[in-house]
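Here are the chains, one letter per residue:
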Amino acid sequence: VVKSLIKLAQKHHNPFNYLGAMLKNGKILDAFLVLWNIKGIANKIAAFILRDIVTILDIEDKIPETDQILLQPIDRWVNGIATHIWRDLGDRPPDWIVALKIVEKCKQYGYSPIRFNQGAWKYGSSQIKKTKNISKKLKELINSSANKQ
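Anyway, here's the lowdown on the structure attached to this text.

Rules and cut-offs
Residues numbered from 1 in each chain as written. Predicted model: local features only at pLDDT ≥ 70, side-chain atom pairs only at ≥ 80, totals over all residues. Heavy atoms only, no water. Phe/Tyr/Trp six-rings, centres within 6.5 Å; stacked < 30°, edge-to-face > 60°. Helix = DSSP H or I, 4+ residues; strand = E, 2+ residues; numbered from the N terminus. Buried < 20%, exposed > 50% of the residue type's maximum accessible area, 1.4 Å probe, protein only. Axes fitted to C-alpha atoms, helices over the stretch in contact; angles between N-to-C directions. Parallel < 35°, antiparallel > 145°, perpendicular 65-115°, else oblique. Contact = heavy atoms within 4.5 Å. Nonpolar A, V, L, I, M, F, W, Y, C, P; charged D, E, K, R; others polar. Core = buried A, V, L, I, M, F, W, Y, C linked by side-chain atoms within 4.5 Å.

### A few points about the packing of aromatic side chains
Two descriptors summarise a pair of aromatic rings, namely the distance from one centre to the other and the angle between the planes of the rings. With the rule as written, the count across this model stands at one aromatic pair. Both rings, one in Trp86 and one in Phe116, keep their centres 5.5 Å apart while their planes meet at 40 degrees; by these two values the pair is tilted. Placement of the pair is Trp86 in the loop between helix 5 (76–85) and helix 6 (95–108) and Phe116 in helix 7 (residues 113–128), with a sequence separation of 30 residues. Judged on exposure class, the residue Trp86 and its partner Phe116 are both buried.

Structural data, given as structure tokens:
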């Protein structure tokens, strides 16, 4: 991974700027494939890097909805929270189906799919801590929110 990133940096001087320019120019899949073709970087890490570049550059609203699936790293927390919220996903959906559902539903209700992804990961990793506790912790969160209103 490191050697490939060094080569990318040597070729383009600043990989962040290079990928950011690709994203700004609507070449989301191309940017994803640049990362994905680096040995050791798979879907989740490529999506994670691009998601955060989009966040830093504040260009989410410029990314076509059809490409936003590529900005959804799906880990155990995001998967677990999404499958709890949207039961029609079933027990073990492929990551791309989870990503598609997140983008679809967040857009439908006027929320940022990227912020959902970041929040699901943060809440899961810092508050839930064990995937077997996802359902219980989300119910507690909903109940505590309802009691505050």
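The discussion continues.
### Remarks on the packing of helix 2 (residues 15–24) against helix 4 (residues 43–57)
Two quantities define a packed helix pair, namely the angle between the helix axes and the distance between the axes. Viewed as axis vectors pointing N to C, helix 2 and helix 4 meet at an angle of 80 degrees, and their least axial separation amounts to 10 Å. Overall, the two elements helix 2 and helix 4 adopt an arrangement that is roughly perpendicular. Listed contacts from helix 4 to Phe16, Leu19, Gly20, Leu23 and Lys24 of helix 2 are Leu50, Ile53, Val54, Ile56 and Leu57. Classifying every residue of the contact of helix 2 with helix 4 by side-chain character gives eight nonpolar, one polar and one charged.

### Structural notes on the side chain of Thr83
Take Thr83: it is sitting in helix 5. Every residue in contact with Thr83, bar those within four places of it in the chain, is listed here: Leu89, Gly90 and Pro93.

### Structural notes on the nonpolar core
If you look at the biggest cluster of nonpolar residues, it comprises 20 residues, and the most contacted ones within it are Leu23, Leu35, Leu50 and Val54. Residue contributions to this core peak at five residues, all from helix 4. Residues within four places of Leu35 in sequence aside, it is in contact with Leu19, Ile41, Ala46, Ile49 and Leu50. Of all hydrophobic cores here, the second largest spans 16 residues; its members include Trp77, Leu89, Ala99 and Phe116.

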